[in-house]
Amino acid sequence: MDRPDRKAIAAAWLDARWSALTLRQRRDVEARQARLWRRMQPVVAATPAIAHLAGQPLDRFPIMQPRELRAGFVDWNTLGLTRDRAEAAARDAEAGSEGLVAPGVAAGFSTGSSGTPGLFLNSRAERAAYLGHLLARLLTVGDLFSPLRIALCLRADNRLYQDVGRTGRIRFLFVSLGEDPAARFQRLQAFRPDILIGPPHVLAELARRTQSHDQAWSLRRLFYGAEPMGKAERGWIGSVLGARPDPLYQATEGFIAAPCRHGTLHLNEDVLNIEREPVPGTDRFVPVVTDLRRTSQPMIRVRLGDLLQPLEGRCVCGSPLTATHPVEGRLEDLWRWPGGVIPPRVVETTISKAVGPDIDWRATASREGVVVEAEGLLADAAAEAVTQLLAAHNIDLPVTSLPQVPVHGIKRRRIRWSDG
């Protein structure tokens, strides 16, 4: 079995901790990014799709959509791997194997927030860099000198996550999103994690079962990702599980952002270059991501579809890394009519205030109006709140309530826009 490179993980951890201490101003961040970009040029030269641009400034490179990278997989990896070969290894990883597609190189699938899982590659060195950076961003120094139990709830396992449990003092439990919720609750209770990471709908389910079973947790840290979580739901889950849920922003395209000690999301600009593409009619942007350390499958100027809203001013933690509100949804789910635009966070706050933070619901907008789903009479309360929200934006469209608990897929998408 190919063991993780502990020395490389330690080196990445030290680099991340050192950058946190030495990057004090934006000019420090930009100087580091420029230095890492210069080091990336041999990788650019080895990537068929962009080899002709080696040595050019970053702004000369085309902005790519994730689907274009998936379609051009052969031209966007430096190892000469075919898509069929990488997908076969990724399927093996989901079945419990190491998922190696070449010596030390693993393949895996992302969750697929837009319906199509992304295919990613990572070498042994890249996994070490990722884990070192992740541990530095999420854990305190003291955490690393005591045994840790980390539980991760995701759609499928892969080698990147398996390496977490092979780093020494860390015991690691992977729990599939496809597992029966009652069994998942029992497994996690028996494991007694110090750190729990999962999507909001799983954490909400754990909170409901915790209340009904009068159980307790002993969490040091609690993290969520893959789906949006509103402020009200975040407070409710934190009060029940005994730890504040802090946001993570991870995608096929990289480890995009992590929370500081205050729970504020910061872009990982010490290892990424993130350009902001403004969203018209809002103060939001979608990120255009360049990973400045990825070598087997370069991610250069990849435009993601997630909505981010920067904080006003600098975070109280003092970091020069851009601080944002948690990801609030997909650009495609922004409510938009000729008369106005309503961001997902505004919708979420409105409905949660009307029905409570522990109630599941869904609101789907279209050119013809809005349909709100929630259990029983709560659907009417949610619909009335949305009606008032539309009126406040001078939007005159019908709002229909459906008294039913919404059925979500692997990823919960409460706020949606339908073009159909």
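Predicted model, so just to flag it, every value in this text is computed and none were measured.

## A short note on the overall build of the protein chain
Regarding its fold elements, the protein chain presents 12 helices and 21 strands. Computed over its C-alpha atoms, the radius of gyration of the protein chain comes to 22 Å, within 12% of the 22 Å expected for a compact globule of 420 residues. Dimensions along the principal axes, computed over C-alpha positions, put the protein chain at roughly 60 × 50 × 45 Å. Here the protein chain holds 420 residues, and 56% of them are scored as buried. A separation of at least 24 residues holds for 62% of the contacts in the protein chain among residues at least 6 apart in sequence. A total of about 18200 Å² of accessible surface is found on the protein chain, and carbon and sulfur atoms cover 53% of it. Across the protein chain, the mean location of the 55 positive side-chain charges is 7 Å away from that of the 47 negative side-chain charges.

## Observations regarding the layout of surface pockets
Put simply, the second largest pocket is a space of about 670 Å³. Residue lining of the second largest pocket: 25 residues in total, with Arg17, Ala20, Ala136, Cys260 and Arg261 positioned closest to the centre. For the lining of the second largest pocket, the element with the most residues is helix 1 (residues 6–22), which contributes 5 residues.

## So, the sheet that holds strand 18 (residues 361–366)
Through backbone hydrogen bonds, the strands of a sheet pair up, either in parallel or in antiparallel fashion. Judged by pairing direction, the sheet is mixed, and its 4 strands sit side by side in the order 20-19-18-21 without closing on themselves. What marks the edges here is a single partner per strand, and that holds for strand 20 (399–403) and strand 21 (415–417). Taken over all neighbouring pairs, the strand axes of this sheet differ in orientation by 15° on average, direction set aside. In the packing of helix 11 (residues 344–355) onto the sheet, contacts are made with strand 18 and strand 21, and the angle to strand 18 comes to roughly 135°. Most of the contacts of helix 12 (residues 378–392) go to strand 20, to which it runs at about 165°, and overall it touches strand 19 (369–374) and strand 20.

## So, the pairing of strand 12 (residues 272–278)
In terms of strand pairing, strand 12 meets strand 13 (residues 285–291) through 7 bridges, oriented antiparallel. Looking at strand 13, one finds that Glu277 is bridged to Val286. Counting the residues between successive antiparallel strands, the hairpin from strand 12 to strand 13 contains 6 residues, one of them, Gly281, with a positive phi of roughly 85°.

## Some remarks on the nonpolar core
Residues Trp37, Ile50, Phe61, Tyr249, Ile256 and Ile300 are the most contacted members of the largest nonpolar core, which totals 30 residues. Of all the elements in the fold, those that place two or more residues in this core are helix 2 (26–39), helix 3 (41–45), strand 9 (249–251), strand 10 (254–259), strand 11 (265–267), strand 12 and strand 13. Excluding its chain neighbours within four sequence positions, the residues that come into contact with Tyr249 are Gly254, Phe255, Ile256, Ala257, Leu265, Pro287, Leu304, Asp306, Leu308 and Val327. Leu188, Leu203, Leu222 and Trp236 belong to the second-largest nonpolar core, a separate cluster that totals 24 residues.

## Details of the side chain of Asp194
Structurally, Asp194 is set in the loop between helix 8 (181–191) and strand 6 (195–198). Those residues within four positions of Asp194 in sequence are excluded, and the remaining contacts are Pro147, Leu148, Arg149, Ser218, Leu219, Arg220 and Arg221.

## Structural notes on helix 1
Every α-helical turn comprises 3.6 residues, leaving residues that sit three or four positions apart pointing alike. With 17 residues, helix 1 extends 24 Å between its outermost C-alpha atoms, agreeing within 8% with the 24 Å of an ideal straight helix rising 1.5 Å per residue. For helix 1, every residue scored as buried is listed here: Ile9, Ala12, Trp13, Ala16 and Ser19. Down the axis of helix 1, the smallest arc covering the buried residues is 130°, so these residues share one side. Turned more than 90 degrees away from the buried face of helix 1, the exposed residues are Lys7, Leu14, Trp18 and Leu21. For helix 1, the secondary structure elements touched by its buried residues are helix 2 and helix 6 (124–138).

## Quick word on empty space enclosed by the protein
By rolling a water-sized probe across the atoms, one finds the places where empty space is left. Considering all chains together, one arrives at 1 cavity of 30 Å³ or more under this definition. Volume-wise, the largest cavity comes out at about 90 Å³. Forming the boundary of the largest cavity are Pro66, Leu69, Arg70, Phe73, Arg83, Gly118, Leu119, Thr252, Glu253, Gln297 and Met299. Residue composition of the lining of the largest cavity, grouped by class: 5 nonpolar, 3 polar and 3 charged.

## Side note on the packing of helix 8 against helix 9 (residues 200–213)
Where helix 8 contacts helix 9, the axes come no closer than 10 Å and their chain directions differ by 75°. Between helix 8 and helix 9, the interaxial angle falls into the category roughly perpendicular. Contacts between helix 8 and helix 9 involve Pro181, Ala182, Arg184, Phe185 and Leu188 on the former and, on the latter, Val202, Glu205, Leu206, Arg209, Thr210 and His213.

## Some thoughts on the packing of helix 9 against helix 10 (residues 231–241)
Two measures define how a pair of helices packs: the angle their axes make with one another and the distance between the axes. One way to put it is that helix 9 packs onto helix 10 with a least axis distance of 9 Å and a crossing angle of 45°. Here helix 9 is positioned oblique relative to helix 10, judged by the angle of their axes. Once helix 9 is placed against helix 10, the crossing between them reads as left-handed. Taking contact as the criterion, the partners of Pro200, Leu203, Ala204, Leu206, Ala207, Arg208, Thr210 and Gln211 in helix 9 are, on helix 10, Glu233, Trp236, Ile237, Val240 and Leu241. For the contact of helix 9 with helix 10, a count of residues per class yields 9 nonpolar, 2 polar and 2 charged.

## A closer look at the sheet that holds strand 3 (residues 119–122)
With antiparallel pairing, 3 strands are arranged side by side in an open sheet as 1-2-3. The sheet terminates laterally at strand 1 (100–102) and strand 3, the two strands that pair on one side only. Sheet twist, expressed as the mean angle between neighbouring strand axes with direction ignored, is 35°. Docked against the sheet, helix 5 (residues 83–94) engages strand 1, strand 2 (105–109) and strand 3, running at close to 75° with respect to strand 2. In the packing of helix 6 onto the sheet, the strands contacted are strand 2 and strand 3, and the crossing angle to strand 3 comes to about 95°.

## A look at the environment of Ser352
Following the sequence through the fold, Ser352 ends up in helix 11. Along the backbone, Ser352 and Pro280 are 72 residues apart, and their C-alpha atoms lie at a distance of 26 Å. With residues up to four places along the chain from it excluded, the contact list for Ser352 reads Ala232, Pro357 and Trp361. A distance of 2.7 Å separates a polar atom in the side chain of Ser352 from a polar atom in the side chain of Glu348.

Calculation rules
Residues numbered from 1 in each chain as written. Predicted model: local features only at pLDDT ≥ 70, side-chain atom pairs only at ≥ 80, totals over all residues. Heavy atoms only, no water. Helix = DSSP H or I, 4+ residues; strand = E, 2+ residues; numbered from the N terminus. Rg over C-alpha atoms; globule rule 2.2 N^0.38 Å. Buried < 20%, exposed > 50% of the residue type's maximum accessible area, 1.4 Å probe, protein only. Contact = heavy atoms within 4.5 Å. Areas by Shrake-Rupley, 256 points an atom, 1.4 Å probe, with all protein chains shown as cover. Lys, Arg positive; Asp, Glu negative; His and termini not counted. Charge placed at Lys NZ, Arg CZ, Asp CG, Glu CD. 1 Å grid on protein atoms, 1.4 Å probe; cavity = no way out; pocket = protein on both sides within 12 Å on 5 of 7 lines; lining within 4 Å. Points joined across faces, edges and corners; volume = space filled by probe spheres on them. Pairing = 2+ DSSP bridges. Axes fitted to C-alpha atoms, helices over the stretch in contact; angles between N-to-C directions. Core = buried A, V, L, I, M, F, W, Y, C linked by side-chain atoms within 4.5 Å. Expected span 1.5 Å × (residues − 1). Arc of directions from axis to C-beta. Nonpolar A, V, L, I, M, F, W, Y, C, P; charged D, E, K, R; others polar. Parallel < 35°, antiparallel > 145°, perpendicular 65-115°, else oblique. Left-handed = near helix turned anticlockwise from the far one by under 90°. Polar contact = N/O pair within 3.5 Å; in protein donor to acceptor, adjacent residues only side chain to side chain.

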